[in-house]
There are 2 protein chains.
Amino acid sequence: MNYSLSYKNKAVIQPSALSMKFSEPAVDLNTFSIVRIDSSLHDETWETVWGEYSRIRDHHKELKLSLVDRNGSGILMNVIFRVFNEGLGFRYEFPQQDKLTHFVLADERSEFRLTGNHKTFWIPGDYDTNEFTYNTTSLSEIDASSSAMSQEIHAKTFFDKNAVQTPLMMKTAEGLYINIHEAALTNYPAMNLVLNKSDFTFTSHLVPDAVGNKAYLQAPAKTPWRTVIISDKATEILAANRMILNLNEPSKVEDPSFIQPQKYVGIWWEMHVGKSSWDYSGGQVGSQQQSRVPHGATTENTKRYIDFAAAHGLKGVLVEGWNTGWEDWFGKWKEDVFDFVTPYPDYDVNYLSNYAISKGVKIIMHHETSASVTNYERWMDTAYRFMNKHGMNAVKSGYVGRIIPRGEHHDGQWMIRHFERVAQKTAEYKISVNMHESVRLTGLHRTYPNWIASEAARGNEFNAWSSGNPPEHETILPFTRLMGGPMDYTPGIFQIKLDVYDPNKKEQVQTTLSKQLALYITMYSPVQMAADLPENYEKHIDAFQFIKDVAVDWDDTRILSAEPGDYVVIARKERGSPNWFIGAITDENSRATTGSLSFLDRGKKYVATIYRDAANAHWQNNPAAYTIEKFIVDSNTNLRLNLAPGGGAAVNIMPATTADTRSLKQYR
Amino acid sequence: MNYSLSYKNKAVIQPSALSMKFSEPAVDLNTFSIVRIDSSLHDETWETVWGEYSRIRDHHKELKLSLVDRNGSGILMNVIFRVFNEGLGFRYEFPQQDKLTHFVLADERSEFRLTGNHKTFWIPGDYDTNEFTYNTTSLSEIDASSSAMSQEIHAKTFFDKNAVQTPLMMKTAEGLYINIHEAALTNYPAMNLVLNKSDFTFTSHLVPDAVGNKAYLQAPAKTPWRTVIISDKATEILAANRMILNLNEPSKVEDPSFIQPQKYVGIWWEMHVGKSSWDYSGGQVGSQQQSRVPHGATTENTKRYIDFAAAHGLKGVLVEGWNTGWEDWFGKWKEDVFDFVTPYPDYDVNYLSNYAISKGVKIIMHHETSASVTNYERWMDTAYRFMNKHGMNAVKSGYVGRIIPRGEHHDGQWMIRHFERVAQKTAEYKISVNMHESVRLTGLHRTYPNWIASEAARGNEFNAWSSGNPPEHETILPFTRLMGGPMDYTPGIFQIKLDVYDPNKKEQVQTTLSKQLALYITMYSPVQMAADLPENYEKHIDAFQFIKDVAVDWDDTRILSAEPGDYVVIARKERGSPNWFIGAITDENSRATTGSLSFLDRGKKYVATIYRDAANAHWQNNPAAYTIEKFIVDSNTNLRLNLAPGGGAAVNIMPATTADTRSLKQYR
């Protein structure tokens, strides 16, 4: 069967085939008879537990084709299309039936036949990692075997030079924006896309398991949704990430009151820059440096972070390297590394969890699994009980390395089920989880709001010890990785130049300081790290005020302007508050942007605090040059924000007091 | 390096190479310099927790060669030889060293170069199963691709037509018996042997993992022992299974008081013969029959077995099919089948466990994992807590099907670690475990006496629905499978002909009834099932008396006569009692054997109750023809036991009372 898709009467997806192939039973489902057609119209509005919007409207038409295989198997398959203003979703369903119960998927072949050689923002297809920088090329220039196939990523599995990952962002010569992804990825492998350059057709390529099968299913079964979002405005693409959420199931967490959007600090960046180590013996740092350094997660150092968080109203303190195992966790493909309950001797877990609570702060647990998932699954219950006992209700997990069960991949069905199992089990223990090195998100945080964020892309950490994230990186992520859900990017690095830690250190963060602030708005996440060291914040306590003030949960979001690879300007209204925040970022080019504040309550006065690049700021040469200004603004104001190369601006807008209106100037 | 082995000045193993190959780091350890040689003499006697002997002497010389790789890696490796009167054990050790920490084993190449084309009792090499019938051929006739490569086994993985499994029993033309096996298999894959027919050299072939590696090790590390047992008497081979135990570590179970050798009945054989089903809906039976039958594990039926056990002094009642999941457990490679805690609605677990305890009986838990081991590992703690709560302290586990993690094998390192993990975790919960479809045993029950038995070979169940176990089968098992440890063979089938259950049923048990009794002695296990249905025992209550009387734990064992493939006669003394029991079995040939009772206390009178084949008995035509006789015997008695084709005899010898000596005749 075939489908096609047009937008404003122009073809976007030309007729493209949809078929399924099983290995058990051995059938190829590619021609069908239609048994029945159902269509329906849906319009409902639902409330988010947390998010960029407090309420989201789900308005779509559904077409359900009930099909029967015409090759003789008698197998029934449904294809369901949902058409939104923003785009299309479709999925396959295998209803309960006599002819099919258990089956093994050899291949799903969903095609996306594009109309031309579009500009594309892509990372290589891979079974194990998504931590690449982005390539911007025409479709015909895609080559996943070269370029950004970074050697800096430990576990990666290349499989086809024409393969890319989703969310895949494209732009046609006519200025149409197209985004392909998937929604509601459960009990199924993640989808890569392989390009046939002769006709610009992408075909789905599912991540295989250890023996080459794609999925083990049992009818009734359904695949994730394949999604195509289209607009002639880039800003509307970003706003349409709601379509992905609408294609996911409502929350399964009955009482979500334990889920707390929050800002946090942590013993983490100091290991990345080589100041301290994860392990007790001092050898495990993220930096390239070789000499031994002190252990980071000591009682004393943790206390310092708790005190800092408490002093500044941040609610969480992440502590990495608190538990035994780090001496040989990396690169060994070793099964029994961590037990998730045994602290190093210099880390007093009882004292610290009580001390944190006494200060109104909570320690965020860290579970690095070293990708030994069989081991983690054995320990999960014990580890979560340990957290409950110590009053912790948030965990950051990690999956660095080659997966155990050996032969499985980060993005295969087995791991997809694991991630969902973690979301379910943490919910049982009233714990929120923030997964690193996990599969890219597909809107599942609607269903499991305690799965509060993921990394699942190249985060800020790469700036500490690798070729880093070029200035355009953060202008592409909202159009790619973030279409599926929140990213724990860990912004907020104030000490941009890293040679203060080691004179030989060439790496640096590839933004200005102001841009680090803007990322709190442009890079949506309900958990946001203030990733730098306390002492670096104390040196710029005026700029740190923005991090203290910025919200992490929102009633509304307005994409003011955006172009993938160039710039993103977003305004958001704090949930349950009249405050608004604006973030504006640019790539390596300086840029003057304007933003209308027409979303403010008419007739009301606000104080806008603008954190911006100084006139001579530059991400490479002068990254810490920033200016802070305060003005009175209102709904008629048009903000002009000048962004330095690799720069950004962050604006905090709060209702003005009478004193404010007297002491501050009106913005002109 | 090479080693060779001779017995009474005749070569048994000609110079044979020992080498190791790693994939990470990529080194081939095949030539060495000797760094140091240590030798020592050991002589100690240790007490068993349970077994064939209450005390075992460990008397050996040890030679430890400390070697360094001569190819330039600088890697240190030790080879340790232990020489016993009964044979040889050797292992490889990788001591803690600067040059080697984590490493991946590509191959262990331990050779066993034999001196001729010996007669061999073999089953095909396989990564997943050991449930074959035995082949008896010369070495040159080994062909694992044909013959007994039964289609009746669901999960099997053939890899080489010249491959066989251990324990491998051979006999030279000169009448020398040679047995090759391994001891203390932990954290390492099981060893198959591949024959080079040109020079009769076996080379070790380790079971690979999902990606083709053999083992992931970390120095200090050691391999299992490779063992060669030699004697010119077949009886001494059987007695030398103690050498395997001596090469294992002492018990790690601190308080073994919860471990109870016992006889048990169970809801099990009735499913195999098609009388009832494992599943609730009545479709899952072992028999070939197709129609639906009642669910076996109902409250009512379980009560009947409990009453029967209590009435006859048996301590355990196994109940299979008590828990949900059986409808689609088999052959689906499905991960989430059983949860090990949810009974079918017709099985009242609370009532039954209390009822059993009130009758002095315990229900034996059943954990069929369907080989979905990732799933079982997630549930283990919960499942064992459930057992503790319901007063159960013994579990029979099963691993039918293809392993999950997919690509792993029953006998690979990952599963070997799983089996050990189960032994350790059940010990923590004070539970004994009896594993079916697990790896062949290597004496580890010395270290984990709560790992009380395994099946790990072709058990009695195959007689119910397959080509079955030919009459010679049980005369070979003691020389092969049982060299490594106890087998839960499940003897005691009285209703030999199975067409009583279904007129079309052609299969039958391939022994006489008397031989079923003899198996309680010849097939050593501390847990012995009375496998038939209560109603069948009630029809032969006189013969059932032997099962009621027979012990399951022993102070001493005497191998009276034996020839692999022909006959086995064994006498055992009940632990802590003056009672002796004798079992005698033959293959398809009738046979007259004699057994001297010189092991009895001199001058003391005993009553011997002899359960033997009637004169016209025959396994196929007249299997239930048996005779029971009682005589007075003493240490001068020479028992003559006439065994029918496929027959056997069982003898119970207890101290005579004065009344006995008056009423019974002296045996002549």
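Summarised in this report is the structure supplied together with it.

Rules behind the numbers
- Each chain has its residues counted from 1, running along the sequence as written.
- Note on labels: chains are lettered from A, ligands numbered from 1, in written order.
- Only residues with pLDDT of 70 or above have their local features reported here, since the model is predicted, and side-chain atom pairs are shown and tallied only from 80 upward, although totals for entire chains, interfaces and linings are computed over all residues.
- Only hydrogens and water are removed before side-chain values are computed, so all heavy atoms of the structure are retained for them.
- We place the copies in one frame by least squares, fitting the C-alpha atoms of every residue whose pLDDT is at least 70 in both.
- In what follows, a contact means two residues having at least one pair of non-hydrogen atoms within 4.5 Å.
- Whether two strands pair comes down to DSSP finding at least two bridges between them.
- Secondary structure elements follow DSSP: runs of H or I no shorter than four residues count as helices, runs of E no shorter than two count as strands, and numbering proceeds from the N terminus.
- Axis definition: a line fitted to C-alpha atoms, over the contacting stretch in the case of helices. Angles run 0 to 180 degrees between N-to-C directions.
- Put simply, buried area is the surface a 1.4 Å probe can reach on two separate parts but cannot reach once they are joined, added for both.
- Only one rule defines a salt bridge in this text: a Lys or Arg side-chain nitrogen within 4 Å of an Asp or Glu carboxyl oxygen.
- Throughout this description, a polar contact denotes any pair of N or O atoms lying within 3.5 Å of each other; where both atoms belong to protein, one of them has to be capable of donating a hydrogen while the other can accept it, and for residues adjacent in sequence the pair is counted only when both atoms sit in side chains.
- Note on residue classes: Ala, Val, Leu, Ile, Met, Phe, Trp, Tyr, Cys and Pro are nonpolar, Asp, Glu, Lys and Arg are charged, and everything else, Gly too, is polar.
- Exposed residues in this analysis have more than 50% of their type's maximum accessible area, buried residues have under 20%, and partly exposed residues fall in between, with area computed by a 1.4 Å probe over protein chains only.
- When describing relative orientation, an angle under 35 degrees is termed roughly parallel and one over 145 degrees roughly antiparallel, while 65 to 115 degrees is termed roughly perpendicular and anything else oblique.
- For this analysis, a ring pair means two rings from Phe, Tyr or Trp (six-membered ring only for Trp) whose centres lie within 6.5 Å, classed as stacked if their planes differ by under 30 degrees, edge-to-face if by over 60, and tilted for the remaining angles.
- In our convention, an over-ring charge means Lys NZ or Arg CZ found within 6 Å of a ring centre and within 35 degrees of that ring's normal.
- Each patch groups residues whose relative accessible area exceeds 30% and which form no salt bridge, using 9 Å between like charges and 5 Å between nonpolar side chains of Val, Leu, Ile, Met, Phe, Trp and Tyr.
- Here the accessible surface of atoms and residues is derived via Shrake-Rupley with a 1.4 Å probe, and residues count as covered only by protein chains that are part of the display.

For the pair of chain copies, the relating transformation is a rotation about an axis with a translation along it. With an RMSD of 0.0 Å, chain A superimposes on chain B once it is rotated by 180° and translated 0.0 Å along the axis. Both chain copies can therefore be described as sitting about a two-fold axis. Taken together, the interface assignments show that 100% of the residues at the interface of chain A recur at the interface of chain B, consistent with an identical surface on both copies.

Quick look at the sheet that holds strand β28 (residues 580-586) of chain A now. Residue and element names in this part refer to chain A. The strand order across the open sheet formed by six strands is β26-β27-β28-β33-β30-β31, and the pairing between neighbours is antiparallel. The open sheet terminates on both sides in strands that have one partner only, identified here as β26 (554-563) and β31 (626-633). Strand-to-strand twist across the sheet, computed as the mean angle between neighbouring axes with direction ignored, equals 15°. Of the strand pairs in this sheet, β26 and strand β27 (residues 567-574) are connected by eight bridges, and their pairing is antiparallel. Within β27, the position partnered with Arg558 by the bridge is Ala571.

The next thing to look at is the interface of chain A and chain B. In this assembly, 27 residues from chain A lie in contact with 27 residues from chain B. Per-residue buried area on chain A facing chain B is highest for His102(A), Arg378(A) and Arg406(A); these three make up 26% of the total on that side. Linking Asp336(A) and Arg417(B) is a salt bridge whose minimum nitrogen-to-oxygen distance equals 2.2 Å. Seen at the junction of chain A and chain B, the total is 12 residue pairs in polar contact (both at pLDDT 80 or more). Broken down by secondary-structure element, the contributors of at least two residues to the side of chain A that touches chain B are β16 (215-218), α6 (373-389) and α7 (413-428) of chain A. A per-element tally of the side of chain A that touches chain B places α6(A) first, with four residues. Considered class by class, the residues forming the side of chain A that touches chain B number seven nonpolar, five polar and 15 charged.

Let us look at helix α10 (residues 513-522) of chain A. The buried fraction of α10(A) is high, at 10 of 10 residues. Three or more residues of α10(A) are buried, namely Leu513(A), Ser514(A), Lys515(A), Gln516(A), Leu517(A), Ala518(A), Leu519(A), Tyr520(A), Ile521(A) and Thr522(A).

A full pass over the atoms with the stated rule returns 69 salt bridges over all chains. The closest approach of N and O atoms between Asp411(A) and Arg440(A), which form a salt bridge, is 3.0 Å. Separated by 29 residues along the polypeptide, Asp411(A) in the loop between β22 (394-398) and α7 and Arg440(A) in the loop between β23 (432-436) and β24 (451-454) bring together distant segments of the chain. Note on accessibility: Asp411(A) and Arg440(A) belong to one class, buried. For Arg575(B), the salt bridge identified is with Asp553(B), shortest N-O distance 3.4 Å. On the criterion of sequence distance, the pair formed by Arg575(B) in the loop between β27 (567-574) and β28 (580-586) and Asp553(B) in the loop between α12 (541-549) and β26 (554-563) is long-range, its members being 22 residues apart.

Residue and element names in this part refer to chain B. Structurally, Arg70 is set in the loop between β5 (55-69) and β6 (76-84). Arg70 gets classed as exposed once you look at its relative accessible area, which sits at 58%. Placed 513 residues apart in sequence, Arg70 and Gly583 show a C-alpha to C-alpha distance of 54 Å. Contacts of Arg70, omitting those with residues within four sequence positions, involve Thr31, Phe32 and Ser33.

Here we come to the side chain of Gln510(A). All names here are of chain A. Position of Gln510 relative to the elements: it lies in the loop between α9 (473-476) and α10. Separated by 2.8 Å, the side chain of Gln510 and the backbone oxygen of Ser467 make a polar contact. For Gln510, the residues in contact, after removing those within four places along its chain, are Asn463, Ser467, Gly468, Asn469, Pro470, Pro471 and Trp619.

Take the packing of α10(A) against helix α12 (residues 541-549) of chain A next. All names here are of chain A. In the contact formed by α10 and α12, the axes pass within 10 Å of each other and the chain directions differ by 5°. Of the possible angle classes, the one that applies to α10 and α12 is roughly parallel. Across the interface between the two elements, Leu513, Leu517, Tyr520 and Ile521 of α10 pack against Ala543, Phe546 and Ile547 of α12. Broken down by class, the residue content of the contact of α10 with α12 amounts to seven nonpolar, no polar and no charged.

The description of an aromatic ring pair rests on the distance of the ring centres and on the angle between the ring planes. Inspection of every chain in the model, using the stated rule, returns 70 aromatic pairs over all chains. Ring centres of Tyr127(B) and Phe159(B) lie 4.5 Å apart, and the angle between their planes is 10°; on these two criteria the pair is classed as stacked. In this pair, Tyr127(B) is assigned in the loop between β9 (119-122) and β10 (135-138) and Phe159(B) in the loop between β10 and β11 (163-165), connecting sequence segments 32 residues apart. When sorted by exposure, Tyr127(B) lands in the same class as Phe159(B), which is buried. Three or more aromatic residues joined by ring pairs make a cluster, and in this case those are Trp278(A), Trp326(A), Trp329(A), Phe330(A), Phe338(A), Phe340(A), Tyr376(A), Tyr384(A) and Tyr429(A). Stacked on the ring of Trp333(A), the Lys or Arg Arg402(A) has its end atom at 4.0 Å from the ring centre.

Further remarks concern a nonpolar patch on the surface. Residues Ile34(A), Ile37(A) and Leu63(A) make up a contiguous nonpolar surface patch of roughly 270 Å² in combined accessible area. Locating Leu63(A) in the fold gives a position in strand β5 (residues 55-69).

Right, let's get into the environment of Ser370(B). All names here are of chain B. Take Ser370: it is sitting in the loop between β21 (362-368) and α6 (373-389). On the accessibility criterion, Ser370 (8% relative accessible area) is buried. Considered as a pair, Ser370 and Lys332 are 38 residues apart in the sequence and their alpha carbons are 9.2 Å apart. The residues touching Ser370, leaving out its near neighbours within four places in the chain, are Trp329, Lys334, Val337, Phe338, Gly398, Val400 and Arg402.

Residues and elements named next belong to chain A. With respect to burial, strand β13 (residues 177-183) is a largely interior element, seven of its seven residues being buried. Where strand β12 (residues 168-171) and β13 come together, four bridges link them in antiparallel fashion. Across the sheet, residue Lys171 finds its bridge partner in β13, namely Tyr177. Pairing of β13 with strand β18 (residues 225-231), which is carried by seven bridges, proceeds in the antiparallel orientation. Within β18, the residue paired with Glu182 across the bridge is Arg226.

All names here are of chain A. Most of strand β30 (residues 606-613) sits inside the fold, with seven of its eight residues counted as buried. Note: β30 against β31, eight bridges, orientation antiparallel. Across the sheet, residue Ile610 finds its bridge partner in β31, namely Glu629. Relative to strand β33 (residues 648-655), β30 is paired through seven bridges, and the arrangement is antiparallel. The residue bridging Thr609 from the neighbouring strand is Asn652, located in β33.

What follows is about the sheet that holds strand β30 (residues 606-613) of chain B. Residue and element names in this part refer to chain B. Spatially, β26-β27-β28-β33-β30-β31 is the arrangement adopted by the six strands of the open sheet, whose pairing is antiparallel. The open sheet has two free edges, formed respectively by β26 and β31 (626-633), since each of these has just one partner strand. On average, each strand axis in the sheet is inclined to that of its neighbour by 15°, with strand direction left out of account. Bridge analysis of β27 against β28 gives seven bridges, and the strand direction is antiparallel. When the bridges of β28 are listed, Val569 appears paired with Ala584. Across the sheet, helix α10 (residues 513-522) touches β26, β27, β28, β30, β31 and β33 (648-655), and the angle it forms with β28 is around 125°.

For the peptide bond that leads from Glu24(A) to Pro25(A), omega is -10°, which places it in the cis range. Within the secondary structure layout, Pro25(A) lies in the loop between β2 (10-24) and β3 (27-29). Unusually for a residue other than glycine, Thr490(A) sits at a positive phi of about 60°. In this fold, Thr490(A) is placed in the loop between α9 and α10. What makes Thr490(A) buried here is its relative accessible area of 2%. For Asn187(B), which is not a glycine, the phi torsion comes out positive at approximately 50°. The class of Asn187(B) is partly exposed, set by a relative accessible area of 28%.

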